[in-house]
Amino acid sequence: MNGNNILYALLVISIISNNVALLVAAAALENNNHHRRRRCCKQFNIRQSALTGLASSAFSHLWENGTERDIMIALYLPKNKVMKLHKIIKPWFKKYTWGAGKELKLIKRKRKPSKRSKIRSLVLVCLVLYYLRSRDNMNSIALQFGINAPTINTHIIYGLLLFESALHSHPETKIAWPDHEEMEFLSELSAKKYPRIGRHKIWSFMDGFKSNLLRPDDDYRQNCNYSGYVGKHCVNNVVLFDILGQIRFCKLAQPGKIPDSVAASRGGYYSKAKAAFNAGGYNCITDSAFRLGFGTLATTDRMLNFAAYPRDFVSIRQSAEWGMKIMQQWRRLSLPASTRKRRCYLNLVVAAHLCNFINQNDLPNQIRTVMGSNFFDSLSNDYGFDMFENV
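Summary of the structure given here.

### Here's the deal with the pattern of salt bridges
One pass over the structure, following the stated rule, counts 7 salt bridges. A salt bridge links Lys201 to Glu184, with the shortest nitrogen-to-oxygen separation between them at 4.0 Å. Here Lys201, found in the loop between helix H10 (180-193) and strand E3 (202-212), pairs with Glu184, found in helix H10; they are 17 residues apart in sequence, far enough to count as distant. Classification of Lys201 as partly exposed rests on a relative accessible area of 28%. Take Glu184: its relative accessible area is 28%, and that puts it in the partly exposed class. The salt bridge involving Arg317 is made with Glu321; its shortest N-O contact spans 3.3 Å. Within this pair, Arg317 and its partner Glu321 are both found in helix H14 (residues 310-327), separated by 4 residues, close to a single helical turn. Residue class for Arg317 comes out buried when judged on its relative accessible area of 10%. Bridged by salt links that share partners, the residues Asp207, Asp287, Arg317 and Glu321 form one connected network.

As structure tokens, then:
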């Protein structure tokens, strides 16, 4: 549901309303052609306000009558996991609302939200998930969720702020550096899969990716966010995944002109990696863009003897690319973001917390499947070999 999202929603609305002319009028609304929209509504005797009113049935129809596959395509989470995420967000929704001002921020509610509230907590959770999962514009999202287009942006920012506050400290979604016991367990998992390089105690891998930005207006922001390596304006993000596919460290929305090593240094990675190396010899494998040293290895490190087993190091380094793909599965991050750093940062940090939520709830994660305990559970299943014993 990326390019055909609006067409899918319009078809649902037209089926519910049994009015084919509504599809024509709503298509005119999506194209932002006000004269054509007004002419279509007048010709077919349809109120313009009816377009938004009937659109509320599109999402409710998908939620109540859609299959599990349809919900996962739209929200990237099955229905039961969406409800679980809703239980995490709902207390914060009851406690905080948005405050009017130059920048939207959370303030404590003076009274509980009424039952006639314009937007419910479950709809807000689905709205944020769909916003991050899709590449639709605001008019398309407003049409599908039945929210007025001028206020859809406010609801999305409010939802992102709630997600950031609620998921920051939750045990299933928080991003925290592991202790020595966890590092020992993670390094043992990597040693089981790659026993020939187990002595290096590799427990994680790190890489960076860039998120596109619209071209800034002023020269100062253009200079800060322009990356000569990729030849465009962007922000730099550094993410560290452990062997089980959990995000343990990240530094997001850094200026595009700085390299990955500087972004990691700003987040305090090198001091943490050195402390982990001094405590038990634990290492993180990266590429040559990072500064190598205590606790940081790379496939181009001449200090180590990679000539004996180069394939093992390259194979375990490949997991970092899978981690970048896990972050970029939220398609909103691939669109050029506004130069307002706050919105770009909210999109990135909420997507990182949701990646941890997906990993903790046993949803598809390529790193955990290949490197984690699931891989070793499949090794104990020898039915595949029994098939060939009698041949």
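### A few points about H10
In a regular helix each residue adds 1.5 Å, so 14 residues correspond to 20 Å; H10 covers 20 Å between its end C-alpha atoms and thus fits that length. All of the buried residues in H10 are Met183, Leu186, Ser187, Leu189 and Ser190. In an axial view of H10, the angular spread of the buried residues amounts to 155 degrees, which keeps them on one side of the axis. Exposed side of H10, more than 90 degrees from the buried face: Glu181 and Lys192 are the residues found there.

### Re unusual backbone geometry
For Ala253, which is not a glycine, the phi torsion comes out positive at approximately 55 degrees. Of note, Asp362 is a non-glycine position whose phi angle comes to about 60 degrees, a positive value. Structurally, Asp362 can be placed in the loop between helix H15 (341-360) and helix H16 (366-371).

### A word on the environment of Val123
Relative to the helices and strands, Val123 resides in helix H7 (residues 121-133). The partly exposed category is assigned to Val123, whose relative accessible area is 24%. Spatially, the C-alpha atoms of Val123 and Ser60 are 9.3 Å apart, while their sequence positions differ by 63 residues.

### As for the packing of aromatic side chains
Aromatic rings considered in pairs are described by the distance between their centres and by the relative angle of their planes. Throughout the structure, instances matching the rule amount to 10 aromatic pairs. Both rings, one in Phe249 and one in Tyr269, keep their centres 5.9 Å apart while their planes meet at 45 degrees; by these two values the pair is tilted. Placement of Phe249 in strand E6 (residues 247-255) and of Tyr269 in helix H13 (residues 269-280) is noted, with a sequence separation of 20 residues between them. Three or more aromatic residues joined by ring pairs make a cluster, and in this case those are Trp177, Trp203, Phe249, Tyr269 and Tyr270.

### Considerations on the pairing of E3
The element E3 is extensively covered by neighbouring structure, given that 10 of its 11 residues are classed as buried. Bridge count for E3 against strand E7 (residues 283-286) is 3 bridges, and the pairing is parallel. When the bridges of E7 are listed, Ile202 appears paired with Asn283.

How each quantity is defined
Residues numbered from 1 in each chain as written. Predicted model: local features only at pLDDT ≥ 70, side-chain atom pairs only at ≥ 80, totals over all residues. Heavy atoms only, no water. Salt bridge = Lys/Arg side-chain N within 4 Å of Asp/Glu carboxyl O. Helix = DSSP H or I, 4+ residues; strand = E, 2+ residues; numbered from the N terminus. Buried < 20%, exposed > 50% of the residue type's maximum accessible area, 1.4 Å probe, protein only. Expected span 1.5 Å × (residues − 1). Arc of directions from axis to C-beta. Phe/Tyr/Trp six-rings, centres within 6.5 Å; stacked < 30°, edge-to-face > 60°. Pairing = 2+ DSSP bridges.

Remember that the coordinates give geometry; whether it matters functionally is a separate question.
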